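Chain by chain, the residues:
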There are 2 protein chains.
Amino acid sequence: MKPYIDILKNKGLKITPRRKAIIDIFVNCHKHLTSEGVWSLLSNEFDKCGLPSVYRNLETLVECGILTRIQQFDRKKHYGLCTEHHNHPHHHITCISCGKVEELGACEMDNKRIIKGYKVVNHFMQVNGICAGCSK
Amino acid sequence: MKPYIDILKNKGLKITPRRKAIIDIFVNCHKHLTSEGVWSLLSNEFDKCGLPSVYRNLETLVECGILTRIQQFDRKKHYGLCTEHHNHPHHHITCISCGKVEELGACEMDNKRIIKGYKVVNHFMQVNGICAGCSK
DNA sequence: ATTATAAACAGAAATAATTTCTATTTAAGG
DNA sequence: CCTTAAATAGAAATTATTTCTGTTTATAAT
């Protein structure tokens, strides 16, 4: 929790109750959640919490490297906690059964600057699987 | 053109003017296009062409392996022609300047069945860059 | 502590990609 | 040429996300 707060502070962003609550949700559940998923969990805590605030904060937290964001084909953005490597781009594997997220090691693409004559600008990878616990 | 038509035939799908026109668009432009991009190009050819038909056909062509589909963070699905390897999953690099698409070689993830205890179900990778032509 | 201020907020409304529904048309085999 | 299931058009619905406006609040300076 503390290190995430520090990241916000270092970037000059305010430590608001909403932001702390959102980070707390991810710290405790270690799953990927949609914006609406976060919103409904927040509603347990706050009588009033606007969905636009959730969207705004999730994006802010992604920009800080606190959350990672993936875009599946369901038209929804999914967010999850980055537990390490905030300063390096990296990828995640997500359990399609329980939603758990873990970071993957280095990607072969990470160090490539040129591929087939293309200057690499960015790349995304998303791996979906079934975790050991859910496989049983 | 012909091989794509054959793929449709082999799957028992009808060879309709819309489908031929959509494939033709991709064969001629070799770029990733959004559903609406395809639709507006189709409008040059057909007075009437429903957007729902475009969506349906694009998805059908993806299922056949004729097109590839990527989901960027702009909330739009992007489609491009698969010029080879219809029967194997593979990834693409897209030029963010001109939209050109090329296939990437094998991905290190392709042969992995288990990672960190997860049974790998599927994975997506999208690489964006600037092609040699656009770099000049 | 108090206050000033820019950032963050709630809520309503707008936006826009995609999907659904229904009735009509058409490709393709017999 | 017919038959029929698949494909189509168009309208309407759905829904994730964004925008807008006015209000509140965290934070830093007093």
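This text goes with the structure placed above it.
Residues numbered from 1 in each chain as written. Chains lettered and ligands numbered in written order. Predicted model: local features only at pLDDT ≥ 70, side-chain atom pairs only at ≥ 80, totals over all residues. Heavy atoms only, no water.

Glancing now at the interface of chain B and chain A. Each side of the interface is counted separately: chain B has 39 residues, and chain A has 39 residues. Carbon and sulfur atoms make up 62% of the area that chain B and chain A hide from each other, which totals about 3,400 Å². Applying the counting criterion to the chain B and chain A interface returns 14 residue pairs in polar contact (both at pLDDT 80 or more). Listing elements by their share of the side of chain B that touches chain A, those giving two or more residues are strand E2 (67-71), strand E4 (92-95), strand E5 (101-103), strand E7 (118-130) and helix H5 (132-135) of chain B. With 13 residues, E7(B) is the largest single contributor of residues to the side of chain B that touches chain A. Its residues placed into classes, the side of chain B that touches chain A shows 20 nonpolar, ten polar and nine charged. (Contact = heavy atoms within 4.5 Å. Buried area = accessible area lost by both parts, 1.4 Å probe. Polar contact = N/O pair within 3.5 Å; in protein donor to acceptor, adjacent residues only side chain to side chain. Helix = DSSP H or I, 4+ residues; strand = E, 2+ residues; numbered from the N terminus. Nonpolar A, V, L, I, M, F, W, Y, C, P; charged D, E, K, R; others polar.)

Attention now moves to the pattern of salt bridges. All names here are of chain A. Applying the stated rule across the entire model yields four salt bridges over all chains. Taking the shortest distance from any N to any O, the salt bridge between Lys2 and Asp6 comes out at 3.2 Å. You can see Lys2 and its partner Asp6 sitting in helix H1 (residues 2-10), four residues apart, about one turn around the helix. One salt bridge connects Arg69 with Glu59, and the closest N-O pair in it is separated by 3.1 Å. Of this pair, Arg69 sits in strand E2 (residues 67-71) while Glu59 is found in helix H4 (residues 51-64), placing the two residues ten residues apart along the sequence. A relative accessible area of 23% places Arg69 in the partly exposed class. (Salt bridge = Lys/Arg side-chain N within 4 Å of Asp/Glu carboxyl O. Buried < 20%, exposed > 50% of the residue type's maximum accessible area, 1.4 Å probe, protein only.)

Pairing between the strands of a sheet is mediated by backbone hydrogen bonds and can be parallel or antiparallel. All names here are of chain A. Taken in spatial order, the three strands of this open sheet run E1-E3-E2, and their pairing is antiparallel. Of all the strands in the sheet, the pair left with one neighbour each is strand E1 (33-34) and E2. Across the sheet, helix H2 (residues 17-29) lies against E1, E2 and strand E3 (77-81), angled at about 75° from E3, the strand it touches most. (Pairing = 2+ DSSP bridges. Axes fitted to C-alpha atoms, helices over the stretch in contact; angles between N-to-C directions.)

Inspection of the region around DNA strand C gives 23 residues, with Arg18(A), Arg19(A), Lys48(A), Ser53(A) and Ile15(B) positioned closest. For DNA strand C, the backbone portion of the atoms within 4 Å of the protein, that is sugar and phosphate, comes to 71%. Lys48(A) places a polar main-chain atom, nitrogen or oxygen, 3.1 Å from a phosphate oxygen of DNA strand C. Separating a phosphate oxygen of DNA strand C from a backbone N or O atom of Gly50(A) is a distance of 3.0 Å. Within the residue set of the surface near DNA strand C, elements represented by two or more residues are H2 and H4 of chain A together with helix H3 (35-42) and helix H4 (51-64) of chain B. (Near = heavy atom within 4 Å.)

Unlike most non-glycine residues, Lys116(A) shows phi in positive territory, near 50°. Its location among the elements puts Lys116(A) in the loop between strand E6 (114-115) and strand E7 (118-130). Residue Lys116(A) is classed as partly exposed on the basis of its relative accessible area, which comes to 48%. Positive phi, normally seen in glycine, also occurs at Arg75(B), with a value near 70°. Relative to the assigned elements, Arg75(B) resides in the loop between E2 and strand E3 (77-81).

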